[in-house]
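Listed below, chain by chain, are the residues.
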Amino acid sequence: MTAPYQRSRRAIAIPLGMATATALAFLPNVTASAAEAPQQVAAADATSLSYVVNVRPGHGTSASVKKAIAEAGGTIVTSYDQIGVIVVHSSNADFAKTIRGVRGVESAGNTRNAPLPAQSTTDVGTPKALTAQQEEVASAEAVDGQDPLEPLQWDLPAIKADKAHEKTLGSSKVTVAVIDTGVDDTHPDIAPNFDRDASVNCVSGKPDTADGAWRPTAAESPHGTHVAGEIAGAKNGVGITGVAPGVKVAGIKVATTAGYFYTEAVVCGFVWAAEHGVDVTNNSYYTDPWYFNCKDDPDQKALVDAITRASQYAEKKGAVNVAAAGNESYDLAADTITDPVSPNDGTPSDRVIDPSKCFDIPTQLPGVVTVAATGAKGIKSSFSNYGLGVIDIAAPGGDSTRYQTPAPPATSGLILGPLPGGKWGYMAGTSMATPHVAGVAALIKSTHPHAPAALVKALLYAEADATPCTDPYDIDSDGKVDAVCEGPKNYNGFYGWGTADALDAVTK
């Protein structure tokens, strides 16, 4: 990790004095835990890098391109002929430059700066375990029909998910894929709804279908498990309740042990989802190592090309792709943004970029639903990125309790969800907002099972609750404006088309 910035759309680091991520180690008579599966990363020479080579889709890799790759010192890991993306490893520092000059190659670039494989690291703000006797848990008295910890989930009524559940929990024929750090499918809130056939490990860029390969190890981030539970945590008398507790959820693991989301893994994830009947993909990350990928740089252009092809292929096959807007409080519609973190696996510098030409991927790709975060008071979270014409919709992602305090019995302004090993905990970020929208999209698909992706997105926006700009936006009440929202009530830079509405998703 390039301190103090985050690589991914995981939980944000809550500053000292604010609410911190907290785990609830509370599950009587259950001892489920995540399997210690080895990290699936392709073996490679210490100086070897990974590349994507983009060619014309649908025709297979030509013999001449294959020959050129070999002659340039490359080894093909896998080819996605349906979208024309080839994953290659090479220790030749000039591989991309050489291969870009080959007839039939449309773009090519290295996906990382760090040699294969990446080193391990730990998350910022490791959850702190609580016991069943903790005061907050004791005060969470569930009423009939509620799971035990549901009273602490202020985010469900914020999008009317509690009312939606009175109508339907969603269809088991709908699957949401969590493209993320891995999912602990042994967790009691996830196991009942887990879709094993749609789950896979894509870390190397090539699908690994070994049983449990999609799970995080004990040393890895709990992020994907939390996200999966927010979407489809079962309504089973245990723990929390998901936004769509009747749909299926799959785990597509794309993050390295160190938490990097590299292009070849993300491409693999989208293609796998496309070909395994996935209805919605949740993407709570940005693709490393560049926060923004500028198309005037040939390497970065290749990454944009590859993931654009993969995400559009998934949508063509029926998947709605939902992605997090980011946690840096950037105005993504600004003329310029200073990016201090890229490349995050090399030597970053303060790059000044134009976000209309340099893209946060997959968030800013065509067709992707871009999600901003709100807190317990329903206004933009202090950290959430924003921008008129970029943000499509908003949903609860949590915020410091100091800024937005929920109504009792909830006491934390963060989002409660499962953690590996049969635990629960609080996290915050646009990472947590995105699964709320993915869950609502799954409810729409459940209500309209034959709707194509474009119609599901149209309904998602049409059914959102119009949310006017927060003006002035002074989240810390220090008398200074912290962000400027542009646009009318029904479409603006903070909330897009509005706040996601789960009740309308199942009634309209």
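Rules used throughout
- Residues numbered from 1 in each chain as written.
- Predicted model: local features only at pLDDT ≥ 70, side-chain atom pairs only at ≥ 80, totals over all residues.
- Heavy atoms only, no water.
- Pairing = 2+ DSSP bridges.
- Helix = DSSP H or I, 4+ residues; strand = E, 2+ residues; numbered from the N terminus.
- Contact = heavy atoms within 4.5 Å.
- Axes fitted to C-alpha atoms, helices over the stretch in contact; angles between N-to-C directions.
- Buried < 20%, exposed > 50% of the residue type's maximum accessible area, 1.4 Å probe, protein only.
- UniProt positions renumbered as here; feature names shortened; annotations may be inferred.
- Polar contact = N/O pair within 3.5 Å; in protein donor to acceptor, adjacent residues only side chain to side chain.
- Expected span 1.5 Å × (residues − 1).
- Core = buried A, V, L, I, M, F, W, Y, C linked by side-chain atoms within 4.5 Å.
- Salt bridge = Lys/Arg side-chain N within 4 Å of Asp/Glu carboxyl O.

- As recorded in an unreviewed UniProt entry, the protein goes by S8 family serine peptidase and comes from Streptomyces sp. R41.

**With respect to the sheet that holds strand β8 (residues 200–201)**
Part 1 of the argument: Strands sit in the order β8-β9-β7-β10-β12-β16-β17 across an open sheet of 7 strands; the sheet is parallel. Here the strands that pair on one side only, and so sit at the sheet edges, are β8 and β17 (393–396).
Part 2 of the argument: Alignment of strand β12 (residues 320–324) against strand β16 (residues 369–374), held across 3 bridges, turns out to be parallel. Looking across to β16, one finds that alanine 324 is bridged to valine 371.
Part 3 of the argument: Its contacts with the sheet place helix α6 (residues 223–232) against β7 (175–180), β9 (248–253) and β10 (280–283), and it is angled at close to 160° to β7.

**Comments concerning helix α10 (residues 453–462)**
Part 1 of the argument: Along α10, the residues classified as buried are Ala453, Val456, Lys457, Leu459, Leu460 and Tyr461.
Part 2 of the argument: Buried-residue contacts for α10 involve α8 (298–316), β12, β16, β17 and α9 (430–447).

**Quick word on the UniProt feature "active site" (unreviewed entry) in the protein**
Part 1 of the argument: Mapped onto this structure's residue numbering, the UniProt feature "active site" (unreviewed entry) falls at Asp180, His223 and Ser431. The greatest C-alpha distance among the residues just named is 10.2 Å, despite their covering 252 residues of sequence, which places them together in space.
Part 2 of the argument: On the basis of relative accessible area, aspartate 180 is assigned to the buried category, the value being 0%.
Part 3 of the argument: In this structure, aspartate 180 is in contact with His223, Gly224, Val227, Ile252, Lys253, Val254, Ala255, Phe261 and Ser284, ignoring residues within four places of it in sequence.
Part 4 of the argument: Its location among the elements puts histidine 223 in helix α6.
Part 5 of the argument: Judged by relative accessible area, histidine 223 falls into the buried class, the value being 0%.
Part 6 of the argument: A polar contact is formed between the side chain of histidine 223 and the side chain of aspartate 180, at a distance of 2.6 Å.

**Quick look at α8**
Part 1 of the argument: The end-to-end C-alpha distance of α8 is 27 Å, a good match for the 27 Å that 19 residues give at a rise of 1.5 Å each.
Part 2 of the argument: Taken across its 19 residues, α8 has 14 buried, putting it largely inside the fold.
Part 3 of the argument: For α8, the N-terminal cap is aspartate 297; the gap from its side-chain oxygen to the backbone nitrogen of aspartate 299 is 2.9 Å.
Part 4 of the argument: Where α8 terminates, the next one or two residues include glycine 318, which has phi positive at roughly 115°.

**Things to note about the sheet that holds strand β5 (residues 105–110)**
Part 1 of the argument: Read across the sheet, 4 strands follow the order β3-β4-β2-β5 without closing on themselves; strand pairing throughout is antiparallel. Both outer strands of the open sheet, β3 (74–80) and β5, are each paired with one neighbouring strand and no more. Here the strands of the sheet are splayed against their neighbours by 20° on average, with no regard to which way each runs.
Part 2 of the argument: Of the strand pairs in this sheet, β3 and strand β4 (residues 85–90) are connected by 6 bridges, and their pairing is antiparallel. Residue isoleucine 76 lies in a different strand from β4, and its bridge partner there is valine 88.
Part 3 of the argument: Against the sheet, helix α1 (residues 63–71) engages β2 (49–55), β3, β4 and β5, with an angle of about 145° to β3.
Part 4 of the argument: The strands touched by helix α7 (residues 263–274) are β2, β3 and β4; relative to β3, the strand with the most contacts, the crossing angle is about 25°.

**Some remarks on the nonpolar core**
Part 1 of the argument: The biggest cluster of nonpolar side chains holds 53 residues, and the ones touching the most others in it are Val369, Val371, Ile393, Val437, Val440 and Leu460.
Part 2 of the argument: Per-element tally for this core: the top contributor is α9, with 9 residues.
Part 3 of the argument: Excluding residues that lie within four positions of it along the chain, valine 369 makes contacts with Val320, Asn321, Val322, Ala323, Asp392, Ile393, Val437, Lys457, Leu460 and Tyr461.
Part 4 of the argument: Listed in part, the 41 residues of the second largest apolar core include Cys202, Val271, Tyr285 and Ala302.

**Here we look at the pattern of salt bridges**
Pairing is possible between side chains of opposite charge, provided their charged atoms come close.
Part 1 of the argument: In the structure shown here, the tally under the stated rule is 14 salt bridges.
Part 2 of the argument: We note a salt bridge from aspartate 299 to arginine 100, for which the minimum N-O separation is 3.5 Å. You can see aspartate 299 sitting in helix α8 and its partner arginine 100 sitting in the loop between α2 (95–99) and β5, a full 199 residues away along the chain.
Part 3 of the argument: Looking at arginine 100, the relative accessible area reads 28%, which means it is partly exposed.
Part 4 of the argument: Across the pair lysine 235 and glutamate 150 runs a salt bridge whose closest N-O atoms are separated by 3.1 Å.

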